[in-house]
Amino acid sequence: MMKNYELNLFGVKRELPFIDLEDNLAFASFVIMGDTELIMACAPKLAEKIGDVDVIITAEAKGIALTYEISRILGKKEFIVARKSIKSYMSGVVSVSVHSITTSGEQHLYLDGHDAESLKGKKVCIVDDVISTGESLYALEALVESAGGIVTKKAAVLAEGNAAERDDIIFLQKLPLFQKTDDDGYEIKES
């Protein structure tokens, strides 16, 4: 019976708490934001797998620090962050809607017109912390494409559940989904 899921990424261990979903399903909560040690272990491995791209984009907020480090390693002068709300400094805004396993309800992603312009005709890599249902990824792809960018890579630290079966994403490790047991513990859900 598991009370937490032990994750080991390149020698960096973390105990991930379980978050219940519907139908006795649960996921192990992975938050890389603010975890310098984990970012420093994972970013070089992802950067190596990502390779040659023109622009890197992520959605706020959990992927920002990871994307910064990957961008730095790849020698990029900047990266783009899709925002979850329109800020007063933004003009010529491009937007899409998204549903995510970790966010209830519909959310929107927005790009400032200047950022959208910098994607036009460029090879773009989308970076996220975890790819699960793929909804956030689809929204970022739609955002990049609506700005005229070409998504050539999609990368995350972890691929959760069935996402690990996808052949169009780059990831470092599979993160299983879990089911609740009769004794209030958790076990790995069989596919």
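Nothing here was measured: the structure is a model prediction, and the numbers come from that model. (Residues numbered from 1 in each chain as written. Predicted model: local features only at pLDDT ≥ 70, side-chain atom pairs only at ≥ 80, totals over all residues. Heavy atoms only, no water.)

Draft legend 1. Quick look at the overall build of the protein chain. Within the protein chain, the secondary structure is distributed over four helices and 12 strands. Here the protein chain has a C-alpha radius of gyration of 17 Å; the compact-globule value for 191 residues is 16 Å, and the two agree. When its C-alpha atoms are laid out on the principal axes, the protein chain stretches across 55 × 35 × 30 Å. Every one of the 191 residues in the protein chain was classed for burial, and the buried ones make up 46%. Once local pairs closer than 6 in sequence are excluded, the contacts in the protein chain between residues at least 24 apart make up 59%. (Helix = DSSP H or I, 4+ residues; strand = E, 2+ residues; numbered from the N terminus. Rg over C-alpha atoms; globule rule 2.2 N^0.38 Å. Buried < 20%, exposed > 50% of the residue type's maximum accessible area, 1.4 Å probe, protein only. Contact = heavy atoms within 4.5 Å.)

Draft legend 2. Seen up close, the sheet that holds strand 1 (residues 4–9). The antiparallel open sheet is built from five strands, whose spatial order is 1-2-3-11-12. For this open sheet the edge positions go to strand 1 and strand 12 (186–188), each flanked by a neighbour on one side alone. Ignoring strand direction, the axes of neighbouring strands in this sheet form an average angle of 35°. With three bridges joining them, strand 2 (residues 12–20) and strand 3 (residues 25–28) adopt antiparallel strand pairing. Looking at strand 3, one finds that Asp20 is bridged to Ala26. (Pairing = 2+ DSSP bridges. Axes fitted to C-alpha atoms, helices over the stretch in contact; angles between N-to-C directions.)

Draft legend 3. Local environment of the pairing of strand 8 (residues 123–131). Among the nine residues of strand 8, eight are classified as buried, and the element is accordingly described as predominantly covered. Relative to strand 8, strand 4 (residues 55–59) is paired through three bridges, and the arrangement is parallel. Bridge pairing links Ile57 to Ile126 in strand 8. Note: strand 8 against strand 9 (residues 150–160), eight bridges, orientation parallel. If you follow Val130 over to strand 9, its bridge partner there is Leu158. Between the parallel elements strand 8 and strand 9, the chain passes through helix 4 (residues 135–146) in a crossover that is right-handed. (Right-handed = clockwise from strand over helix to strand, strands pointing away.)

Draft legend 4. View of the packing of aromatic side chains. Evaluated as defined, the whole model comprises three aromatic pairs. Look at Phe18 and Phe178: their rings are 4.7 Å apart centre to centre, the planes differ by 65°, and that puts the pair in the edge-to-face class. Of this pair, Phe18 sits in strand 2 while Phe178 is found in strand 11 (residues 178–180), placing the two residues 160 residues apart along the sequence. Like Phe18, the residue Phe178 is buried in the burial classification. On the numbers, 4.3 Å between centres and 25° between planes, the contact of Phe18 with Tyr186 is stacked. You can see Phe18 sitting in strand 2 and its partner Tyr186 sitting in strand 12, a full 168 residues away along the chain. Three or more aromatic residues joined by ring pairs make a cluster, and in this case those are Tyr5, Phe18, Phe178 and Tyr186. (Phe/Tyr/Trp six-rings, centres within 6.5 Å; stacked < 30°, edge-to-face > 60°.)

Draft legend 5. Just the nonpolar core, in detail. Ranked by size, the top nonpolar core spans 33 residues in total, and within it Leu9, Phe30, Leu46, Ile50, Ile70 and Val157 carry the most contacts. Only strand 1, strand 2, strand 3, helix 1 (36–50), helix 2 (64–73), strand 8, strand 9 and strand 10 (170–175) provide two or more residues apiece to this core. A per-element tally of this core places helix 1 first, with eight residues. In terms of nonpolar packing, the next biggest core, distinct from the first, is built from 26 residues, Val124, Val151, Ala159 and Ala164 among them. (Core = buried A, V, L, I, M, F, W, Y, C linked by side-chain atoms within 4.5 Å.)

Draft legend 6. Structural view of unusual backbone geometry. Between Glu60 and the following residue, Ala61, the backbone shows a cis peptide bond with an omega angle of 10°. If you trace the backbone, Ala61 turns up in the loop between strand 4 and helix 2. Of note in the backbone geometry, Asp23 takes a positive phi value of approximately 55° without being a glycine. Counting through the fold element by element, Asp23 comes out in the loop between strand 2 and strand 3.

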